[in-house]
Amino acid sequence: MILVTGGAGYIGSHTVRELRDRGMDCVVYDNLVTGHIEAVGDVPFVKGDIFDKELLLKTFAEYKVDSVVHFAAYSQVGESMAHPAKYYRNNVAGTLSLLDAMLEGGVKYLVFSSSAATYGESGEGLITEDSPQRPTSVYGQTKLMMEQFMADFDRAYGMRYVALRYFNAAGAHKSGEIGEAHDPESHLIPVILQAALGVRDHIGIYGDDYPTRDGTCIRDYIHITDLADAHIRALEYLKNGGKSTHYNLGNGNGFSVKEVIETARRVTGRAIPARVEGRRPGDPATLVASSEKIKRELGWDPQYDSLEEIVASAWKWHSAHPHGYAK
Ligand code: UFG
């Protein structure tokens, strides 16, 4: 049985859907602070916090948990710069609490949400797993510290893990039933689509003076279902005796903020007013992945390889749920 922390969140809920569709048993563990119960679907759910070791141990025993997919974390780069304590407490101390409980409960396998934000400023080339990790944000720093814990827990206690370094998760499930909904929303594609829907009056472009082709930040957008598939491959790899490792997950194509807005205008057929605003602290200019390692080693093969398709799947969700999940 797989325990999914943060399974009511954006990436967690899409992974749970994929696990369920493939007949793999899982239980969602989420405190619902940022997650949505409506996103969980038809799988066992435990409302709980990763700081609650007793409840974690009880859940491990009750469901005979042998592996954990750990999504539970705060994930907004801008907020992490304004409220570092909140991020260190929840992401770093929270993960330590989860690892302690796993150790005590004899749970040996962990697939973990790391991030491209652990690399920081990288220059023009593609980022590989061996690129230097120098985070520019507190959020990225917390993810790097979490990776370091896991390496030490493996060395000392033999707890095996795969850290998946996502680039920019985007899009929604093909059913249109679950999608991206943060409150407040700060991620680029949802914000653009809210502007397309008139839920907000414009999209603010955070800086057009970066050293990129049009001055706006370049990111690698990867579809949420492709991310979900990578988690399942990573779990199978660990259960087949694979060693602890790290994988990047991206498409290998970078798009600037302006290019994403243009794509959304084409996909939605709406005008989408945009205004250049100041830079957001913590943003590196360019983050684009090489994902050759996971393709080679685990046969990962992302199905959504165009930004149009990714934005179109997000639009299907947003146009049907302009205010996200029902409160
Ligand atoms: N941006 C805008 N206007 C907005 C929102 C975003 O111009 O209203 C810009 C940002 O400055 C950035 C780009 O669009 O350059 C993408 O921003 P997001 O907030 O969508 O994503 P980030 O790249 O900051 O971060 C995301 C996730 C992190 C993850 C990271 C990895 O939020 O969890 O990708 O690159 F770690």
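Below: a short report on this structure.

Basis of the calculations
- Residues numbered from 1 in each chain as written.
- Predicted model: local features only at pLDDT ≥ 70, side-chain atom pairs only at ≥ 80, totals over all residues.
- Heavy atoms only, no water.
- Helix = DSSP H or I, 4+ residues; strand = E, 2+ residues; numbered from the N terminus.
- Rg over C-alpha atoms; globule rule 2.2 N^0.38 Å.
- Buried < 20%, exposed > 50% of the residue type's maximum accessible area, 1.4 Å probe, protein only.
- Contact = heavy atoms within 4.5 Å.
- Areas by Shrake-Rupley, 256 points an atom, 1.4 Å probe, with all protein chains shown as cover.
- Lys, Arg positive; Asp, Glu negative; His and termini not counted.
- Charge placed at Lys NZ, Arg CZ, Asp CG, Glu CD.
- Salt bridge = Lys/Arg side-chain N within 4 Å of Asp/Glu carboxyl O.

### A few points about the overall build of the protein chain
Here's step 1: When you go through the protein chain residue by residue, the secondary structure sums to 10 helices and 14 strands.
Here's step 2: A globule of 327 residues ought to have a C-alpha radius of gyration of about 20 Å, and the protein chain, at 19 Å, matches this closely.
Here's step 3: Taken across its 327 residues, the protein chain has 56% of its residues classed as buried.
Here's step 4: Here the contacts in the protein chain between residues at least 6 apart in sequence split such that 78% fall between residues at least 24 apart.
Here's step 5: Carbon and sulfur atoms make up 49% of the accessible area of the protein chain, which amounts to about 13,400 Å² in all.
Here's step 6: Computed over 34 positive and 43 negative side-chain charges, the inter-centroid distance for the protein chain is 1 Å.

### Quick look at the pattern of salt bridges
Here's step 1: Scanning the entire structure with this criterion turns up 18 salt bridges.
Here's step 2: The salt bridge involving E104 is made with K53; its shortest N-O contact spans 3.0 Å. Separated by 51 residues along the polypeptide, E104 in helix α4 (residues 84-105) and K53 in helix α2 (residues 53-63) bring together distant segments of the chain.
Here's step 3: Given a relative accessible area of 54%, E104 falls into the exposed group.

These figures come from the coordinates and say nothing about function on their own.
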